[in-house]
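What the coordinates show
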Amino acid sequence: MILCFSSPSPPTSHRLFTEFSHSFKRPQLPRPCKQQKRQPGGSPRASRVVAYYGLKKPPYKLDALEPYMSQRTLEVHWGGHHRNYVEGLNKQLEKSDVLYGYTFDELVKATYNNGNPLPEFNNAAQVWNHDFFWESMQPGGGDMPQLGVLQQIEKDFGSFSNFREKFTEAALTLFGSGWVWLVLKREERRLQIIKTSNAICPIVWDDIPIISLDLWEHAYYLDFKNDRGKYVDTFMNHLVSWNAAMARMARAEAFVNLNEPNIPVA
Ligand SMILES: [Fe+2]
């Protein structure tokens, strides 16, 4: 959710904006929304436009993933860590309006800045990543995908068990904090498992994420201590939402043709 406010800059904020502008060499980003407020006296006066982002709720209650992911983990992970990323991002954005007007996807890509991330990138990407992660799980999840997702996994990985083995291996070999993803590669027109470090999100490379697993310790320490393997198995057996994967694949197929072109014959 984006809440937008337009107001004249208070002197202190204006000073922050001026100092901030000079302390970072920012790329020339397109400015999709620039507003000027005309004052009652008639002369235009620059106004400051700030976008604030809200903390999006998971699509289930915080105790709905019990006993596989505890309410306490959701309270700390969503209510603490995720909230901190949102609030940290808003604090950064209020210093400048240069990033105003983007969709959230665009904000993540713009702040990634072709591999030279701007200061806002880590918070923006972690907000995106966590929104996506909550929706990658569901109560009563796990088991196997069906229909098109299963067919595509079998086509690209040989079998579902082979996919699961490779996904688990990627999760266990990720060094430090980060994420494991099942993504659809646009150019290759196939599914692939990738690992990303820290806050990196695959949309910066134009991949289409289908499923993600948070591998920061804050995601599993309360429930599994340092047993990352048990966390990954629990995710696969009881939490992953293949329904979400199916919906995401269906949307992705509007952009990526996974089959040979089917040209209607007149
Ligand atoms: Fe996390």
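The sections below set out a description of the structure shown in this document. (Residues numbered from 1 in each chain as written. Predicted model: local features only at pLDDT ≥ 70, side-chain atom pairs only at ≥ 80, totals over all residues. Heavy atoms only, no water.)

**Concerning the sheet that holds strand 7 (residues 208–214)**
Put simply, the test is: By the convention used here, strands pair only if DSSP detects at least 2 bridges between them. Secondary structure is summarised from DSSP: a helix means a run of H or I of at least four residues, a strand means a run of E of at least two, and numbering begins at the N terminus for each. Each axis is a line fitted through C-alpha atoms, and for a helix only the stretch in contact is used; angles between axes span 0 to 180 degrees, taken between their N-to-C directions. The contact definition used throughout considers only heavy atoms, calling two residues in contact when any of these lie within 4.5 Å.
The sheet built from three strands is open, its strands ordered 6-5-7 with antiparallel pairing. The outermost strands of the open sheet, each flanked by one partner alone, are strand 6 (190–197) and strand 7. On average, each strand axis in the sheet is tilted by 20° relative to the strand beside it, whichever way the strands run. Examined bridge by bridge, strand 5 (residues 178–185) and strand 6 share eight bridges and lie antiparallel to one another. When the bridges of strand 6 are listed, tryptophan 181 appears paired with isoleucine 194. Against the sheet, helix 5 (residues 147–157) makes contact with strand 5 and strand 6, and its axis sits at roughly 80° relative to strand 6, the strand it touches most.

**Describing the coordination of the iron ion**
Going by this rule: Because no water is among the atoms considered, metal sites can look incomplete, with donors defined as N, O and S atoms within 2.8 Å of the metal, or 3.2 Å for Na, K and Ca. Only protein chains enter the area calculation, which uses a 1.4 Å probe; residues under 20% of their type maximum are buried, those over 50% are exposed, and those in between are partly exposed.
Surrounding the iron ion are the protein donor atoms His77 (NE2), His130 (NE2), Asp214 (OD) and His218 (NE2), which sit 2.0 to 2.1 Å from the metal. Taken in sequence order, the residues that donate to the iron ion follow the motif H-x52-H-x83-D-x3-H. Judged by its relative accessible area of 0%, aspartate 214 is buried.

**Overview of helix 4 (residues 121–134)**
It helps to recall that an α-helix has 3.6 residues per turn; residues three or four apart then point in one direction. Let me state the cut-off plainly: Any helix carries an expected span of 1.5 Å times its number of residues minus one.
Taking 1.5 Å as the rise per residue, helix 4 with 14 residues should run 20 Å; its terminal C-alpha atoms sit 20 Å apart, in good agreement. Across the 14 residues of helix 4, 13 count as buried, placing the element largely inside the fold.

**As for the nonpolar core**
This is how it is decided: Joining through side-chain atoms within 4.5 Å is the link that ties buried Ala, Val, Leu, Ile, Met, Phe, Trp, Tyr and Cys residues into a set, and such a set is a nonpolar core.
Ranked by size, the top nonpolar core spans 71 residues in total, and within it Val108, Phe163, Leu182 and Trp242 carry the most contacts. The leading source of residues in this core is helix 4, at eight residues. In this view, tryptophan 242 contacts Gly142, Asp143, Met144, Pro145, Val149, Ile153, Phe160, Phe163, Leu182 and Ile211; residues no more than four positions away in its chain are not counted.

**Re the pattern of salt bridges**
Quick reminder of the rule: Salt bridges are defined as contacts in which a side-chain nitrogen from Lys or Arg sits within 4 Å of a carboxyl oxygen from Asp or Glu.
This structure, assessed with the given rule, holds five salt bridges. Measuring nitrogen to oxygen at the nearest pair gives 3.7 Å for the salt bridge that ties aspartate 233 to arginine 164. Taken as a pair, aspartate 233 in helix 8 (residues 228–239) and arginine 164 in helix 6 (residues 160–173) lie far apart in primary sequence, 69 residues in all. A relative accessible area of 34% means that aspartate 233 is categorised as partly exposed.

**What about the side chain of glutamine 138?**
The criterion, for reference: We call two N or O atoms a polar contact when they sit within 3.5 Å, provided that within protein one can donate a hydrogen and the other can accept it, with sequence-adjacent residues counted only if both atoms are side-chain atoms.
Summarising the element assignment, glutamine 138 is placed in the loop between helix 4 and helix 5. At 2.7 Å, the side chain of glutamine 138 forms a polar contact with the side chain of serine 241. Here glutamine 138 is in contact with Tyr60, Leu65, His238, Leu239, Ser241 and Asn243, once residues within four sequence places are set aside.

**Let's talk about the packing of aromatic side chains**
Two aromatic rings, taken as a pair, are described by how far apart their centres are and by the angle between their planes. This is how the line gets drawn: Between the rings of Phe, Tyr and Trp (Trp by its six-membered ring), a pair exists once the centres lie within 6.5 Å; its type follows the angle of the planes, with under 30 degrees stacked, over 60 edge-to-face, and the other angles tilted. Our definition puts a charge over a ring when NZ of Lys or CZ of Arg is within 6 Å of the ring centre and also within 35 degrees of the ring normal.
Going through the model one piece at a time under the given rule, you end up with 16 aromatic pairs. Look at phenylalanine 133 and tryptophan 179: their rings are 6.0 Å apart centre to centre, the planes differ by 75°, and that puts the pair in the edge-to-face class. Placement of the pair is phenylalanine 133 in helix 4 and tryptophan 179 in strand 5, with a sequence separation of 46 residues. Both rings, one in tryptophan 179 and one in tryptophan 181, keep their centres 5.8 Å apart while their planes meet at 35°; by these two values the pair is tilted. For tryptophan 179, a relative accessible area of 0% gives the class buried. An aromatic cluster of at least three residues, connected via ring pairs, comprises Trp128, Phe132, Phe133, Trp134, Trp179 and Trp181. It is arginine 186 that lies over the ring of phenylalanine 255; its NZ or CZ is 5.8 Å from the centre.

**Considerations on the pairing of strand 7**
Regular strands place side chains that alternate from one sheet face to the opposite one. Among the seven residues of strand 7, seven are classified as buried, and the element is accordingly described as predominantly covered. Note: strand 5 against strand 7, six bridges, orientation antiparallel. Paired with leucine 184 across the two strands is isoleucine 208, which belongs to strand 7.

**Notes on helix 2 (residues 71–93)**
The following threshold applies: Bending is quantified residue by residue as the angle between axes fitted to the seven-residue window ending at that residue and the seven-residue window starting at it.
In this model, helix 2 (23 residues) spans 31 Å end to end at C-alpha, consistent with the 33 Å of a helix rising 1.5 Å per residue. Considering bend angle alone, the principal kink of helix 2 is centred on arginine 83 and spans about 30°.

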